[in-house]
Amino acid sequence: MKIKPGKFQHFKGNFYQVIDTVTHSETQETLVLYKPLYGEQALWVRPIEMFLEEIERDGKVFKRFSLVE
């Protein structure tokens, strides 16, 4: 599973830049390497399954992150 690099929007509204997918050295788990496009812009990783999952809030279903460009 892979995600194309690009600008994504979190379901709460903030924007993030996906840099690439990476592999955990011990578990071989695929992680998404990304940074927020606000604040200190530190690098973060999140399991790809979590990055792509759908979230239910107040009876509505959203993608956690949606590609915007």
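Residues numbered from 1 in each chain as written. Predicted model: local features only at pLDDT ≥ 70, side-chain atom pairs only at ≥ 80, totals over all residues. Heavy atoms only, no water.

Focus on the pattern of salt bridges
- The full count for this structure, using the stated rule, is one salt bridge.
- The salt bridge partner of Arg64 is Glu53, with a shortest N-O separation of 2.4 Å. One end of the pair, Arg64, is in the loop between β6 (60-63) and β7 (65-67); the other, Glu53, is in the loop between α1 (48-52) and β5 (54-57), and eleven residues separate them in sequence.
- Among the residues examined, Arg64 registers a relative accessible area of 14% and is labelled buried. (Salt bridge = Lys/Arg side-chain N within 4 Å of Asp/Glu carboxyl O. Helix = DSSP H or I, 4+ residues; strand = E, 2+ residues; numbered from the N terminus. Buried < 20%, exposed > 50% of the residue type's maximum accessible area, 1.4 Å probe, protein only.)

Description of the environment of Gly6
- Relative to the helices and strands, Gly6 is located in strand β1 (residues 6-10).
- Taking the relative accessible area as the measure of exposure, Gly6 reaches 7% and is therefore buried.
- Gly6 sits 42 residues away from Ile48 along the chain, and the two C-alpha atoms are 15 Å apart.
- Beyond its immediate stretch of four places on either side in the chain, Gly6 contacts Tyr16, Gln17, Val18, Leu67 and Glu69. (Contact = heavy atoms within 4.5 Å.)

Some details on the UniProt feature "domain: DUF1653" (unreviewed entry) in the chain
- On the UniProt side, "domain: DUF1653" (unreviewed entry) is annotated at positions that read residues 6-66 here.
- Counting secondary structure, residues 6-66 comes out at 8% helix and 57% strand; the distance between its end C-alpha atoms is 10 Å. (UniProt positions renumbered as here; feature names shortened; annotations may be inferred.)

Comments concerning the nonpolar core
- Counting residues in hydrophobic clusters, the biggest one holds nine residues: Ile3, Phe8, Tyr16, Val18, Val32, Tyr34, Ile48, Phe51 and Phe65.
- Sorting the residues of this core by element identifies β2 (15-23), β3 (30-36) and α1 as the ones contributing at least two each.
- Setting aside chain neighbours within four positions, we find Tyr16 in contact with Gly6, Lys7, Phe8, His10, Tyr34, Lys35, Pro36, Leu37, Tyr38 and Phe65. (Core = buried A, V, L, I, M, F, W, Y, C linked by side-chain atoms within 4.5 Å.)

What about the side chain of Thr21?
- By the element assignment, Thr21 lies in strand β2.
- Residue classification places Thr21 among the buried positions, given a relative accessible area of 13%.
- Filtering out sequence-adjacent residues up to four positions away, Thr21 remains in contact with Lys2, Ile3, Thr30, Leu31, Val32 and Ile48.

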